[in-house]
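# Chain and residue survey
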Amino acid sequence: MSDLLVLAKIGGRNCAFAADDVQSVVDIGAITPIPRSPDYVIGLSALRSQTLTVLDCRKAIGLSADQKMTDARAAVVRVDGHTYALLVDAIDDVATVRGEPGEIPGGFGEEWNRVARGMAETDRGPVLLVDIAALIAGPAQDEVAA
Amino acid sequence: MDDLLADFIEETRELLEASESEVIAWEANPGDRARLDAIFRFVHTVKGNCGFFDFPRLEKLSHAAEDALSDVRKGLREADAALVTTILKVIDRIAEMVTVIEAGEELSGDDSDLIAALSENSGDDIAVTVETPASESTASGEITASGAAQRSIRLPVELLDRVMSGVSDMVLARNDLGHRLREAGNQPTIDGPFERLTSILTDVRDAVTRMRMQRIEHLFTAFPRLVRDLSSELGKQVMIDLEGGDVELDREMIEMIRDPMIHIIRNAIDHGIEPPAERLKSGKREIAILAITARQSGNRISISVSDDGRGLNQQKIGQKAVSHGIVTEAQLAEMSRKEVLQLVFAPGLSTADQVSSISGRGVGLDVVQANLEKVGGSIRVTSEPGKNTEFTLQIPLTLSIIAGLTVEAGGQRFAIPQTYVEEIVHGDTADLDKTQVGDASLVTFRGERTPCLSLAQVLQLEPDDHAANDVIVFLKLPRGGLFAIAVDAIHNHGDLVVKPLAPVVMRSEVFAGSTLLDNGQPILMLDIPNIAAQHGVAKDTGLAQLHDAIESRTDESGGIPMAMVFEGFDQRRRAVRLELVRRIETVPAIAVDRSGPSLKAVVDGEILPLFGLEREQETGEQLRMLRLSDGSSELLYAVAAIEDAAKLDGELTSADGDPFVEAMTLINGATVALVDGHALFASFGAIPRRATSMTCHLPDSEWARTILAPLVKAAGYVPKHDIATPSDVAIVLDQAEPPSAAGEIIRLRSVPDDIATSEETDASIYRYDREAVLRALREAGKGEAA
């Protein structure tokens, strides 16, 4: 993996995705809602002829989502052959990571621990490196497993 | 080096597959020089390629095989069964080694056993007749089963997918552009090139779709080997007969049906085909025939696997089904042989008393059926005791392009695969008879109470207050269940390119995929079988039996003739012998031509005589008819309502003077007039005439496309917008120039008759005068046909 990170804000916190995992950052247009899907699945959106499954990262982590989304832009990622658009509060910048991602004593907090790959230091300060596969799996499966 | 090695592995794999069937064909006919050469080329190529890489073990083995085959070629050695078996083992061993090489591991072990078997009583002289195998096989890419080379190149699937999605993007961009052009009004300088772009794009899309297709031959090549190994293991003699290898199928679909096919073949050899002694005793040839045929019919591919073995044991299957609680004794007694046989697909039913290593018990035919249904296919079995068993697999032509219907519920659009749609009824029709029993809704469909779900409720959507939720779509499941689903509106139907959904969306099990609308908006496609299962409405109904009854005709009802009971437009209950009924058709009322001396109607592009309808008879927008056939000629019988299929076991008493009534009889306690098929065909029957050969050119406008085109289609023409191609008839509006390459010209005018001058009314037809336009079209058609 390269050392570049895409910086994003989720629920007001500084987070980051590995730049290698992010295909592009796009503006999300019209969204077709999906009935009977989990809360964090917002719907389907088309990116040219590609269909994206749009997820709300705050709800996927298990945070409350009372504030409005501040950004219509989303990070496009591909996991197991399916393409997802991750809606976040804001996408900031791309930054270089300094050193290996590490744990911090005491963890990141209950919800965050599930999706955290660790803490990474960047020029813009420390960020939480998000495990995209865990994020996409959503909070529901944890409840089932527990 | 890595690329080179990957190529080597891939090439060897393909050659392996092709050569297996060659070896078996060669064994059957050792004198077949062409086969021998093909096998020899294979081992030679492997040996030659080994020189580039450092695989001494592989080289030694292929060298030994080459030597043995070379002796056979020179006539120094006989191609006996022992040698063929050894060669097959060598091929297997080479396959194993290729796998090891691919995994990047070291080749270890020893092949001296095989090499010794090969060199048995053979001289050790090394003489290699060098042909040009390496260059030939790399150039051709593959050797087909017949040994003929087919020009092809190898491409990564990823690249193919990129081209496909690129073309889809282009189609979307075109639609967007088309939309904008329409808004901007007519612009002749742009419209022409745009039309050309559209037709080119359609061609390219077709070609790209074909790129995904593969000949079913690829699946077939593995079967001769499978059959040979199984039959020799079981001490049976089986000849395999493959047909239709050139039928093309989606590459993904071929992978999907591989396991089901293998399972059925194993079953046939293990259970169906008798040992040679038993076959001789029952007067059959010692060698059994296993025939595998692939056929394309319309939108579906049907593959049949038939053996001439002992057939299925109806009694045994019935008993097993009863003891497993799948059906009750009473139900079983009611079932025809055909129905009993389908029970082999019920979960938990395996008729083999002895579990053998071949058929095993883990995977049953129920799994085969479930897997096929997952991809929209189905499977049926027919069998004659002591004579044969035939499994028929029906699979949709492609997985990715499905004909579908777009419906609306709760303010949102969804797609339904067309294959499930039986009929669409607008809810204000009186004969639907909606009722509520407890919380369940029921509608009456062809005399049968059918459960009715609301799509908005199924999807837990907020019902739209303004929408009526009163369009009822009747859906038929592959296994024969019928249910209805209420939606707010039907939008349109067409070919949908369906893409898979993310697992998180699939979890609710109500969606099967997603597709893009013309405007680029994604919509979800419903998973009909799962929705039916979730609501427990997948029960068999009368309709399924009715359709089965049409298929099975009289032979299944124990010799008693069957009849279809219906109510005619004259309010009389009538019946027609079931063997005459080919299909039940529903056609729009405008498809009926009332202008000629006798009524006619256009069904599926064929013009057929119509009976049972008075010239001035009022009908709804849709008309139901029985399509009757005596084998060669056909006619349509318009009916007001269809009741059921019934046994004609009552006494037939002579009729009441109506020439088209054969007799009166009692069916379920009421008198019914039995239609005289003979008299009917003698007076009205006609050999169906293709109406689709006639083409009609239409003006290029939105009005022509939406208003005129359906009318033209109903009159039996194929509408054409492309000005360049010649057409039989051309319709032009007002003073427009007719296309040069048209037969007859029908001129329409925008001014109504009462305003137009008499010159105008003579030369043209008011464009909203439906009857006159239809009449003109039909006149033109007659002139052309004469």
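It should be emphasised that the depicted structure is a prediction, and the values quoted were computed from it without experimental measurement.

Residues and elements named next belong to chain B. Of all five residues in strand S20 (residues 573-577), four are buried, a share of seventy percent or more. Here strand S19 (residues 562-567) pairs with S20 via five bridges, running antiparallel. Across the sheet, the residue bridging to Met564 is Val576, located in S20. Between S19 and the antiparallel strand that follows it, S20, lie five residues; Gln571 among them carries a positive phi value of about 70°. In this sheet, strand S30 (residues 670-675) lies alongside S20 in parallel orientation, the contact comprising two bridges. When the bridges of S30 are listed, Arg574 appears paired with Ala673.

Moving on, we come to the packing of helix H7 (residues 157-184) of chain B against helix H8 (residues 188-211) of chain B. Residues and elements named next belong to chain B. Remark: H7 packs on H8, axes separated minimally by 10 Å, with the N-to-C direction vectors making an angle of 155°. As summarised for this structure, H7 and H8 are arranged roughly antiparallel, according to the angle between their axes. For H7 against H8, the interelement crossing comes out left-handed. Across the interface between the two elements, Leu160, Val163, Met164, Val167, Met170, Val171, Arg174, Leu177, Gly178 and Leu181 from H7 touch Ile190, Phe194, Leu197, Thr198, Leu201, Val204, Arg205, Val208 and Met211 from H8. Broken down by class, the residue content of the contact of H7 with H8 amounts to 15 nonpolar, two polar and two charged.

Here the focus is the packing of helix H11 (residues 251-272) of chain B against helix H16 (residues 365-374) of chain B. Residue and element names in this part refer to chain B. Interaxial distance between H11 and H16 falls to 10 Å at its minimum, and their mutual angle equals 150°. Classified by the angle their axes make, H11 and H16 are roughly antiparallel. Handedness of the crossing formed by H11 with H16: left-handed. Seen from H11, the contacting residues are Ile257, Pro260, His263, Ile264 and Asn267; seen from H16, they are Leu365, Val368 and Leu372. Here the contact of H11 with H16 is built from residues that sort into six nonpolar, two polar and no charged.

We now examine the environment of Arg624 of chain B. With respect to the helices and strands, Arg624 of chain B occurs in strand S25 (residues 622-629). Between the C-alpha atom of Arg624 of chain B and that of Tyr637 of chain B, which follows or precedes it by 13 residues, the distance is 8.6 Å.

What counts, and where the lines are drawn
Residues numbered from 1 in each chain as written. Chains lettered and ligands numbered in written order. Predicted model: local features only at pLDDT ≥ 70, side-chain atom pairs only at ≥ 80, totals over all residues. Heavy atoms only, no water. Buried < 20%, exposed > 50% of the residue type's maximum accessible area, 1.4 Å probe, protein only. Helix = DSSP H or I, 4+ residues; strand = E, 2+ residues; numbered from the N terminus. Pairing = 2+ DSSP bridges. Axes fitted to C-alpha atoms, helices over the stretch in contact; angles between N-to-C directions. Parallel < 35°, antiparallel > 145°, perpendicular 65-115°, else oblique. Left-handed = near helix turned anticlockwise from the far one by under 90°. Contact = heavy atoms within 4.5 Å. Nonpolar A, V, L, I, M, F, W, Y, C, P; charged D, E, K, R; others polar.

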